[in-house]
Amino acid sequence: MTEIISLDTPSLLLDYHKLLSNLNEMTSFAKEQGISYRPHIKTHKSIKIAQLQLQAGAVGITTAKISEAEVMAAGGIKDILIAYPISSPDKIKRLVKLLELGIQLKVSVDNTESLSFLQKELEHTPFILEVWIKVNSGLNRCGVDPGKEAVILAKAVMTHSRLKLGGIFTHAGHSYAAKTKEEIETIGLHEGHAVVESAIECEKEGISIPVRSVGSTPTYKTAGRINGVTEIRPGNAVFFDAIQAGLGVTSIDRCALSLLASVVGVYKDRVIFDSGSKSLCLDKGAHGNQTVTGFGQVIGHPEIVIERLSEEHGVGVLLEATTLKLNDKVQIIPNHACTVVNQFEEYVVHDNGRVMDVWKVDARGMVT
Ligand SMILES: Cc1ncc(COP(=O)(O)O)c(C=O)c1O
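Because the structure is a prediction, the values reported are computed rather than measured. (Residues numbered from 1 in each chain as written. Predicted model: local features only at pLDDT ≥ 70, side-chain atom pairs only at ≥ 80, totals over all residues. Heavy atoms only, no water.)

1. Considerations on the overall build of the protein
Alright, step 1. Helices and strands together make up the secondary structure of the protein, namely 10 helices and 17 strands.
Alright, step 2. For 368 residues, the compact-globule estimate of 2.2 N^0.38 gives 21 Å, and the C-alpha radius of gyration of the protein, at 22 Å, lies within 12% of that figure.
Alright, step 3. Taking the principal axes of the C-alpha coordinates as reference, the protein spans close to 70 × 40 × 35 Å.
Alright, step 4. The 368 residues of the protein split such that 55% are buried.
Alright, step 5. In the protein, of all internal contacts separated by at least 6 residues, the share reaching a separation of at least 24 is 68%.
Alright, step 6. Accessible area for the protein stands at about 15,700 Å²; split by element, carbon and sulfur atoms hold 51% of it. (Helix = DSSP H or I, 4+ residues; strand = E, 2+ residues; numbered from the N terminus. Rg over C-alpha atoms; globule rule 2.2 N^0.38 Å. Buried < 20%, exposed > 50% of the residue type's maximum accessible area, 1.4 Å probe, protein only. Contact = heavy atoms within 4.5 Å. Areas by Shrake-Rupley, 256 points an atom, 1.4 Å probe, with all protein chains shown as cover.)

As structure tokens, then:
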């Protein structure tokens, strides 16, 4: 049986049991709360892992890009939320193709102009598209204000014969800038209330909102407890990473994803790994919130801080003497799992260091 230590480097490693345990944590939470689980697949980009999530009870998946949805649909996944604003006629034609395949599609909306674009393209088809209103719960990216603005948009959706309103959702991505666990909790509470209060306001006006969906890895357990929330959409929690550990959301030993790297240089004050920005990526978390040290954590080597990356080199500065020597291999927990996965063709899936399987990163590079 192949051991991971004999693999070429850099390789993307996935610890099977940690993956299952992380997956179980999300599904158990959803079951306990009596709500649905619709994981964001931007983290793993893998049909195989999406299918494991569905087998564990997920009602469907979330994607950011249409191309990700297309890959997942080709992999047999039927229920997909594209949590991204779509107005361009060319892109809407691609939504229609997904509807033709029988996909139960839902698309984010947050303005009346895009409703008109969607309606116009759909009029040439037999389909009615389900849309979910995105509310801004503090990330200040996309989304209408919760409450009255959501009601105005909900009423506008009702005037479009080719659109049907299926839900209201939000994503508290600003939780990544939180400095304390208490701050994360406050953001999570606000996230849940923003969605539920918007739904209640709509229902007062006679507009039914069946789905009230929240989710980010730091906040889903707080937002998902709010009465009236019906769905969570965590993505990163399937793997976790050094940023999540730095935020206090998890611990490093629960991170399922790591990079196998080799030592290609040893100097008196530093070692060089064969993993630079092409594999470890340059993320250090939310702007202004440095909860991580360096560009990834070298397992079992606290004496090393990966202080600098160039494309193919990771410069590990020595805080103390190291036992590492040329050609030694190490596992590095990346800062941000989602971006690192996008750099690789495949996962080497292992059980305690023994290679079990190789899984494709199917939706790698899907940017459109
Ligand atoms: C709309 C939406 N939902 C859910 C998520 C998942 O967030 P996380 O990876 O923090 O769990 C994201 C992440 O960007 C998102 O944009």
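2. What to know about the domain arrangement of the protein
Alright, step 1. Here the protein is partitioned into domain 1 (4-11 + 244-360) and domain 2 (40-234).
Alright, step 2. Spacing between the C-alpha centres of domain 1 and domain 2 amounts to 33 Å.
Alright, step 3. Interface area for domain 1 against domain 2, summed over the two sides, is near 1,300 Å², with a carbon-plus-sulfur share of 62%.
Alright, step 4. Area buried by domain 1 at its contact with domain 2 is led by Leu247, Cys338 and Trp359, which between them contribute 38% of it.
Alright, step 5. Where domain 1 meets domain 2, there are zero salt bridges. (Domains from an automatic or database assignment. Buried area = accessible area lost by both parts, 1.4 Å probe. Salt bridge = Lys/Arg side-chain N within 4 Å of Asp/Glu carboxyl O.)

3. Description of the site of the ligand
Alright, step 1. The environment of the ligand is formed by 14 residues, the closest being Lys42, Tyr176, Thr217, Arg233 and Gly235.
Alright, step 2. Contact between the ligand and Gly235: an oxygen atom at 2.6 Å from a main-chain N or O atom of the residue.
Alright, step 3. Within the complex, 94% of the 390 Å² of free accessible area of the ligand lies under protein.
Alright, step 4. Across the shell around the ligand, the residue classes break down as four nonpolar, seven polar and three charged. (Near = heavy atom within 4 Å. Polar contact = N/O pair within 3.5 Å; in protein donor to acceptor, adjacent residues only side chain to side chain. Nonpolar A, V, L, I, M, F, W, Y, C, P; charged D, E, K, R; others polar.)

4. Some points on the pairing of strand E7 (residues 163-169)
Alright, step 1. Of all seven residues in E7, six are buried; the element is thus mostly enclosed.
Alright, step 2. The handedness of the strand E6 (residues 129-134) to E7 crossover, carried by helix H6 (residues 148-158), is right-handed.
Alright, step 3. Of the pairings in the sheet, the one linking E7 to strand E8 (residues 211-214) comprises three bridges and is parallel in character. What sits directly across from Phe169, in E8, is Ser213. (Right-handed = clockwise from strand over helix to strand, strands pointing away. Pairing = 2+ DSSP bridges.)

5. Details of helix H5 (residues 112-122)
Alright, step 1. When we look at burial in H5, the residues that qualify are Ser114, Leu115, Leu118, Gln119, Glu121 and Leu122. Looking down the long axis of H5, one finds its buried residues gathered within 170° of arc, a one-sided arrangement. When the buried face of H5 is taken as reference, the exposed residues oriented beyond 90 degrees from it are Glu113 and Lys120.
Alright, step 2. In the core, the buried residues of H5 are packed alongside helix H4 (89-100), strand E5 (104-109), E6, H6 and E7.
Alright, step 3. Backbone nitrogen of Glu113 and a side-chain oxygen of the N-cap are separated by 3.1 Å at the start of H5; the cap is Asn111. (Arc of directions from axis to C-beta.)

6. Structural notes on unusual backbone geometry
Alright, step 1. Between Thr9 and Pro10 the backbone carries a cis peptide bond, its omega angle lying at -5°.
Alright, step 2. One can find Pro10 in the segment before strand E1 (11-15).
Alright, step 3. In this structure, Asn140 takes a positive phi of about 60° despite not being glycine.
Alright, step 4. Mapped onto the elements, Asn140 comes out in the loop between E6 and H6.
Alright, step 5. For Asn140, a relative accessible area of 61% puts it in the exposed group.
Alright, step 6. Unlike most non-glycine residues, Phe240 shows phi in positive territory, near 65°.
Alright, step 7. For Phe240, a relative accessible area of 4% puts it in the buried group.

7. Some details on the pattern of salt bridges
Alright, step 1. Considering all chains together, one arrives at 16 salt bridges under this definition.
Alright, step 2. Where Glu25 meets Arg254, a salt bridge forms, and the shortest distance between an N and an O atom there is 2.7 Å. Linking Glu25 in helix H1 (residues 16-33) with Arg254 in the loop between helix H9 (242-247) and strand E10 (257-267), this pair joins segments that are 229 residues apart in sequence.
Alright, step 3. When the shortest N-O distance is used, the salt bridge between Glu121 and Lys93 registers 3.5 Å. On the criterion of sequence distance, the pair formed by Glu121 in helix H5 and Lys93 in helix H4 is long-range, its members being 28 residues apart.
Alright, step 4. Relative accessible area serves as the criterion here: at 14%, Glu121 is assigned to the buried category.

8. With respect to the sheet that holds strand E3 (residues 61-63)
Alright, step 1. An order of E2-E9-E8-E7-E6-E5-E4-E3 is seen for the eight strands of this open sheet, with the pairing classed as parallel. Unpaired on one side and paired on the other, strand E2 (36-37) and E3 mark the two borders of the sheet.
Alright, step 2. Together, strand E4 (79-85), E5 and E6 form the strand contacts of H4, whose direction differs from that of E5 by roughly 155°. (Axes fitted to C-alpha atoms, helices over the stretch in contact; angles between N-to-C directions.)

9. Remarks on the nonpolar core
Alright, step 1. The biggest cluster of nonpolar side chains holds 104 residues, and the ones touching the most others in it are Ile80, Leu105, Leu129, Phe239, Phe273 and Tyr347.
Alright, step 2. Looking at which domains feed residues into this core, each of domain 1 (4-11 + 244-360) and domain 2 (40-234) gives three or more.
Alright, step 3. Ignoring sequence-local partners within four residues, the contact set of Leu129 consists of Leu95, Leu99, Leu105, Val107, Leu118, Leu122, Arg162, Leu163 and Lys164.
Alright, step 4. Ile4, Leu13, Val348 and Val355 belong to the second-largest nonpolar core, a separate cluster that totals six residues. (Core = buried A, V, L, I, M, F, W, Y, C linked by side-chain atoms within 4.5 Å.)

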